[in-house]
Amino acid sequence: RKEVEQDPGPFNVPEGATVAFNCTYSNSASQSFFWYRQDCRKEPKLLMSVYSSGNEDGRFTAQLNRASQYISLLIRDSKLSDSATYLCVVKRGSTLGRLYFGRGTQLTVWP
Amino acid sequence: DGGITQSPKYLFRKEGQNVTLSCEQNLNHDAMYWYRQDPGQGLRLIYYSQIVNDFQKGDIAEGYSVSREKKESFPLTVTSAQKNPTAFYLCASSRLAGSYNEQFFGPGTRLTVL
C-alpha cells in the first residue's frame, strides 16, 4: 500500500468554481502534513501546511482528520492561475522526518 | 537571493556513461535531499544528508551515489548501473529542526539517456 494516495484527476473546472482534493495516508506515525503545488515542468513549491485544527490561507482551506488518516484541500473562487498539480505530502518524524509524496492531482481552470 | 541552484537544466547521456548533477544552496540549511520524478508518479527519495560527510540511502538509491563535502553542496552521480535513469531530478534542502520545516526545491535537471 502506498504511503500517500491521491485521486490523480484531472479536475477541469470553470473560473470561480470551488474544487476539493482528497488524500489519504497509510502510516499513523505521520506527524506533519503539507500541500505542495507543482506547475508543469517546474519544481514543487509549498502551498500550505496542514494543522490538526484545520487552517485557511485566503481562498485555500486545508483539513486534517487523523482518525481517518485523511487530508483535504479546498480551493474557492478558482482562478486560471490555480491550474497546476497539487501534491499531498506527509512527514514521518519530527526533525529530519522523511517526506512522502502523493502522485499529485492535476487541476485545470478554464475561462 | 537565497535559494537552490541545480545544473545543468537538461542533460543527455549515452548508455554506459556516468553523469554528475550539481546542487548548491545558500540557505544555510543542514539537510539536503535528492528526489527523482517520473511521469505520473510521486517524488521518490534517492539520498539525503543531515550534515557534512554523512548521508543515507532513500528508497531508490541503487545506481546512484552522492557526496557531502560542503554544507552548501550535494552532488548526485547517476552511474551506468542505474537501469532506467531518464527522469526529472530534484534537489531540496531544509532546516533540521521543527516538524513543519519546509523543504525548498531547486529547479531540477531533466536527464535523458540516448
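### Brief notes about the overall build of chain B
A count of helical and extended segments in chain B gives 0 helices and 11 strands. When the helices and strands of chain B are read in sequence order from the N terminus, they spell out β-β-β-β-β-β-β-β-β-β-β. Relative to its length of 114 residues, chain B is compact, with a C-alpha radius of gyration of 13 Å against a globular reference of 13 Å. Its C-alpha atoms give chain B principal-axis dimensions of roughly 40 × 25 × 25 Å. Per-residue burial over chain B gives 48% buried out of 114 residues. Within chain B, residue pairs in contact and separated by at least 24 positions form 53% of the contacts whose partners lie at least 6 positions apart. Computing the positive centroid from 12 side-chain charges and the negative centroid from 11, chain B places the two 6 Å apart.

### As for the state of the cysteines
Residues and elements named next belong to chain A. According to the stated counting rule, one finds 2 disulfides over all chains in the structure shown. Put simply, Cys23 and Cys88 are joined by a disulfide, and their sulfur atoms are 2.0 Å apart. Looking down the S-S bond of the Cys23 and Cys88 bridge, the torsion is -75°, so its handedness is left-handed. Placement of Cys23 in strand 3 (residues 19–25) and of Cys88 in strand 9 (residues 84–92) is noted, with a sequence separation of 65 residues between them.

### Considering the side chain of Ser73 of chain B
With respect to the helices and strands, the residue Ser73 of chain B is situated in the loop between strand 7 (64–66) and strand 8 (76–78). We classify Ser73 of chain B as buried; its relative accessible area is 11%.

### Points about the packing of aromatic side chains
Enumeration over the complete set of coordinates arrives at 12 aromatic pairs over all chains. Judged by centre distance (6.4 Å) and plane angle (65°), the rings of Phe34 of chain A and Tyr36 of chain A are edge-to-face. For Tyr36 of chain A, a relative accessible area of 1% corresponds to the buried category. Judged by centre distance (6.0 Å) and plane angle (90°), the ring pair of Tyr36 of chain A and Phe105 of chain B falls under edge-to-face. Pair noted here: Tyr36 of chain A is in strand 4 (residues 30–38) and Phe105 of chain B is in strand 10 (residues 104–105), and the two residues belong to different chains. Feature note: the residues Phe34, Tyr36 and Phe101 of chain A together with Tyr33, Tyr35 and Phe105 of chain B constitute an aromatic cluster, connected by ring pairs. One cation-aromatic arrangement involves Arg110 of chain B over Phe88 of chain B; the distance from NZ or CZ to the ring centre is 4.0 Å.

### Some words on the confidence of the model for chain A
In low-pLDDT segments, the atomic positions of the prediction should not be examined closely. Averaged over every residue, the pLDDT of chain A is 92; the share at 70 or more is 95%. Taken element by element, chain A is modelled with least confidence in strand 10 (residues 98–101) of chain A, mean pLDDT 88, and with most confidence in strand 2 (residues 11–14) of chain A, mean pLDDT 97.

### So, the sheet that holds strand 7 (residues 60–65) of chain A
Through backbone hydrogen bonds, the strands of a sheet pair up, either in parallel or in antiparallel fashion. Residue and element names in this part refer to chain A. Across the sheet, 5 strands lie side by side as 1-3-8-7-6; this open sheet has antiparallel pairing. Pairing within the sheet leaves two strands with one partner each, and these edge strands are strand 1 (4–6) and strand 6 (55–57). Averaged over all adjacent pairs, the angle separating strand axes in this sheet is 20°, with direction ignored. Across 6 bridges, strand 3 lies against strand 8 (residues 70–75) in antiparallel orientation. When the bridges of strand 8 are listed, Phe21 appears paired with Leu73.

### With respect to the environment of Asn84 of chain B
When you line up the elements, Asn84 of chain B lands in the loop between strand 8 and strand 9 (87–94). For the pair Asn84 of chain B and Ser67 of chain B, spaced 17 residues apart in the sequence, the C-alpha separation amounts to 22 Å.

### A short note on the sheet that holds strand 3 (residues 19–25) of chain B
Residue and element names in this part refer to chain B. Spatial strand order, 1-3-8-7: 4 strands in an open sheet with antiparallel pairing. The open sheet has two edge strands, strand 1 (4–7) and strand 7, and neither has a second partner. Adjacent strand axes in the sheet meet at a mean angle of 20°, parallel and antiparallel pairs treated alike. Across 3 bridges, strand 7 lies against strand 8 in antiparallel orientation. Note on strand 8: the bridge partner recorded for Tyr64 is Val78.

Rules and cut-offs
Residues numbered from 1 in each chain as written. Chains lettered and ligands numbered in written order. Predicted model: local features only at pLDDT ≥ 70, side-chain atom pairs only at ≥ 80, totals over all residues. Heavy atoms only, no water. Helix = DSSP H or I, 4+ residues; strand = E, 2+ residues; numbered from the N terminus. Rg over C-alpha atoms; globule rule 2.2 N^0.38 Å. Buried < 20%, exposed > 50% of the residue type's maximum accessible area, 1.4 Å probe, protein only. Contact = heavy atoms within 4.5 Å. Lys, Arg positive; Asp, Glu negative; His and termini not counted. Charge placed at Lys NZ, Arg CZ, Asp CG, Glu CD. Disulfide = S-S within 2.5 Å. Phe/Tyr/Trp six-rings, centres within 6.5 Å; stacked < 30°, edge-to-face > 60°. Lys NZ or Arg CZ within 6 Å of the ring centre and 35° of its normal. pLDDT = per-residue confidence, 0-100. Pairing = 2+ DSSP bridges. Axes fitted to C-alpha atoms, helices over the stretch in contact; angles between N-to-C directions.

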